[in-house]
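Each chain, written out:
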Amino acid sequence: MDGHFRAFSFVDRITRPGGQVRGLYQIPSGIAEFPIALVAEACGQLSAWTAMAAYDFKLRPVAGIAPVIELLAPVHPGQVLELESDIESLDAEAVSYNSLAKVDGTPVLRLQHCVGPMVSVEEFDDPQALKQRFDLICGAGAAPGAFNGIPPLDMKFTGLEPGASARATLHVPATADFFADHFPRRPVFPGTLFMHKVLELAARVAEGVPLPAPNTAWVPRNINDSKLRAFMAPGGSLEFEVRLAKQAGNELTIRVEAKKENRITGHSRIVFIAEELA
Amino acid sequence: MTNEIITQEEINAIYSKVADIIADALGCDVETVMPKASLINDLGAESIDFLDIIFRLEREFKVKIPRGKIVEAARGHLSEAEFENAGIITEAGMARVREFLSEVPADRLNSPQKYAEIPKLFTTETFCKLVIRRQRATAAGEAPAA
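Scope of this entry: the structure provided in the associated data block. (Residues numbered from 1 in each chain as written. Chains lettered and ligands numbered in written order. Predicted model: local features only at pLDDT ≥ 70, side-chain atom pairs only at ≥ 80, totals over all residues. Heavy atoms only, no water.)

**Here we look at the layout of surface pockets**
All names here are of chain A.
Reasoning step 1: As a volume, the second largest pocket reaches approximately 510 Å³.
Reasoning step 2: Every residue lining the second largest pocket is counted, 20 residues in all, and those nearest its centre are Pro35, Ile36, Pro74, Leu199 and Pro220.
Reasoning step 3: At the level of secondary structure, the elements contributing two or more residues to the lining of the second largest pocket comprise α1 (36-54), α3 (191-207) and β10 (216-228).
Reasoning step 4: When residues in the lining of the second largest pocket are grouped by element, the largest group, 4 residues, is from α3.
Reasoning step 5: Residues belonging to the lining of the second largest pocket are distributed by class as follows: 15 nonpolar, 2 polar and 3 charged. (1 Å grid on protein atoms, 1.4 Å probe; cavity = no way out; pocket = protein on both sides within 12 Å on 5 of 7 lines; lining within 4 Å. Points joined across faces, edges and corners; volume = space filled by probe spheres on them. Helix = DSSP H or I, 4+ residues; strand = E, 2+ residues; numbered from the N terminus. Nonpolar A, V, L, I, M, F, W, Y, C, P; charged D, E, K, R; others polar.)

The structure is reproduced here in structure tokens:
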């Protein structure tokens, strides 16, 4: 089955187009999980639709910079994401936006001051197909339920010092359904799947940090200063370096860097808060 | 862009904030962000970092910095043909660059200078001057160029 607009598309409807765009996405019920990183993807896609429409689908943004991502609550299959994006600025070079995702009116994720560099659409996708899709999601809406979940991603630890540091290698799959949608003419490993693995890695290091109080756990609450410097093509591998950067009281910061052939391709700082177990 | 003389005192007034922003954007220690450091050659900045730095400067200093126009600003009143020829900055263009980028050490401002490599000349102080020019333009009620 053609994965275009199915395998990695997370906006079913745009209920209010424009600079303060609003939209919806129904998380399919039949999948095992919907990682919080994909909520960020949904927000980014909502903003991307606005940016593309403004340039008649000749330009589109790609993931670039996310200074602040607040992880407010997990989401679950079957829930409906209520998406809001406010475009701060948009020109031929970049789009800047703030986004908020909610479930039943409760915020689950917030993005602040995200920046997406603009690139030529033709290199990545069919402008006409994008325009038709935009018309659909601004009108009747896309049929929900197309997303089948993320396939297992091959990541192996090559070093782990709990509470201090870790090294891991992620083998970007050579083929995957999501490449048909991200993007049809130039498959690129999604930045939000990179974010998903970054959170996993950071959590493994955080596990080993002594908790400040009993009956608490380290919970990731912020992803700060995230930047993607290069596209990750199918079939490559990324080397991750993770280290505890700071710990103060009930808060710790884990820094993650990804390299490909010794060049830094991405980095983030993840902030964990020690929170009482439910 | 307004291009009057900018004093060292003006640069010093905002330097630490600009250096912090550059350090945060590049993920490096602020101690490595020296006034004369070339962001590209010394600090490893790439185009995505320039975008990041510009947006951060805009938020911090409440100014609007026209994107994609920083290199064009170095050209000043010269026409494109007067400024560069076949990708190389002309003599008149280099005189203009030396004036506009007066904070760049003279030994880096050599001919032949490729137009495309002008960003390699930009230092921490260059971005300080960029902010100051935009602050002056904002105060004068000038809209940023499209």
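So, next bit.
**Overview of the interface of chain B and chain A**
How big an interface is tends to be expressed through the accessible area that disappears when the partners come together.
Reasoning step 1: Contact with chain B, which involves 14 residues of that partner, is made by 18 residues of chain A.
Reasoning step 2: Across the chain B/chain A interface, buried area totals approximately 1300 Å², and carbon plus sulfur atoms make up 50% of it.
Reasoning step 3: Three residues stand out in chain B for area buried against chain A, namely B:Ile48, B:Phe55 and B:Arg59, and they jointly supply 37% of the buried area on that side.
Reasoning step 4: Viewed at the interface, chain A and chain B are joined by 6 salt bridges.
Reasoning step 5: For B:Asp49, the salt bridge identified is with A:Lys227, shortest N-O distance 2.6 Å.
Reasoning step 6: On inspection of chain B and its partner chain A, the count reaches 6 residue pairs in polar contact (both at pLDDT 80 or more). (Contact = heavy atoms within 4.5 Å. Buried area = accessible area lost by both parts, 1.4 Å probe. Salt bridge = Lys/Arg side-chain N within 4 Å of Asp/Glu carboxyl O. Polar contact = N/O pair within 3.5 Å; in protein donor to acceptor, adjacent residues only side chain to side chain.)

**What about the packing of helix α1 (residues 8-26) of chain B against helix α6 (residues 124-139) of chain B?**
Residues and elements named next belong to chain B.
Reasoning step 1: Contact pair α1 / α6: the axes reach a minimum separation of 8 Å and the direction vectors enclose 115°. The angle between α1 and α6 falls in the class roughly perpendicular. In this structure, the crossing between α1 and α6 has a hand that is right-handed. Taken together, the residues of α6 that come into contact with α1 (itself represented by Gln8, Glu10, Ile11, Ile14, Tyr15, Val18, Ala19 and Ile22) are Thr124, Glu125, Phe127, Cys128, Lys129, Val131, Ile132 and Arg136.
Reasoning step 2: Its residues assigned to classes, the contact of α1 with α6 comprises 10 nonpolar, 2 polar and 4 charged. (Axes fitted to C-alpha atoms, helices over the stretch in contact; angles between N-to-C directions. Parallel < 35°, antiparallel > 145°, perpendicular 65-115°, else oblique. Left-handed = near helix turned anticlockwise from the far one by under 90°.)

**Topic: the nonpolar core**
Reasoning step 1: Counting 80 residues, the largest nonpolar core has A:Phe34, A:Trp49, A:Leu81, A:Leu109, A:Phe189 and A:Phe240 as its most contacted members.
Reasoning step 2: For this core, the element with the highest residue contribution is α1(A), accounting for 12 residues.
Reasoning step 3: Excluding anything up to four places from it in sequence, A:Leu81 contacts A:Gly23, A:Leu24, A:Tyr25, A:Ile27, A:Phe34, A:Val39, A:Ala42, A:Val75, A:Lys102 and A:Val103.
Reasoning step 4: Membership of the second largest hydrophobic core comes to 44 residues, among which are B:Ile11, B:Ala19, B:Ile89 and B:Ile118. (Core = buried A, V, L, I, M, F, W, Y, C linked by side-chain atoms within 4.5 Å. Buried < 20%, exposed > 50% of the residue type's maximum accessible area, 1.4 Å probe, protein only.)

**Observations concerning α3(A)**
Reasoning step 1: Here α3(A) spans 24 Å end to end across 17 residues, near enough to the 24 Å set by a 1.5 Å rise per residue.
Reasoning step 2: With 13 of its 17 residues buried, α3(A) lies for the most part within the structure. (Expected span 1.5 Å × (residues − 1).)

**Concerning the state of the cysteines**
Reasoning step 1: Within the structure shown, the criterion is met by 0 disulfides over all chains.
Reasoning step 2: Note on A:Cys43: no disulfide assigned, nearest cysteine sulfur contributed by A:Cys114 at a separation of 8.5 Å. (Disulfide = S-S within 2.5 Å.)

**Observations concerning empty space enclosed by the protein**
Residue and element names in this part refer to chain B.
Reasoning step 1: Tallied over the entire structure, the rule returns 1 cavity of 30 Å³ or more.
Reasoning step 2: Its boundaries defined by the atoms lining it, the largest cavity holds a volume of some 50 Å³.
Reasoning step 3: Lining the largest cavity are Ile70, Phe100, Phe122, Thr126, Phe127, Leu130 and Arg133.
Reasoning step 4: Per-element tally for the lining of the largest cavity: the top contributor is α6, with 4 residues.
Reasoning step 5: Of the residues contributing to the lining of the largest cavity, the split by class is 5 nonpolar, 1 polar and 1 charged.

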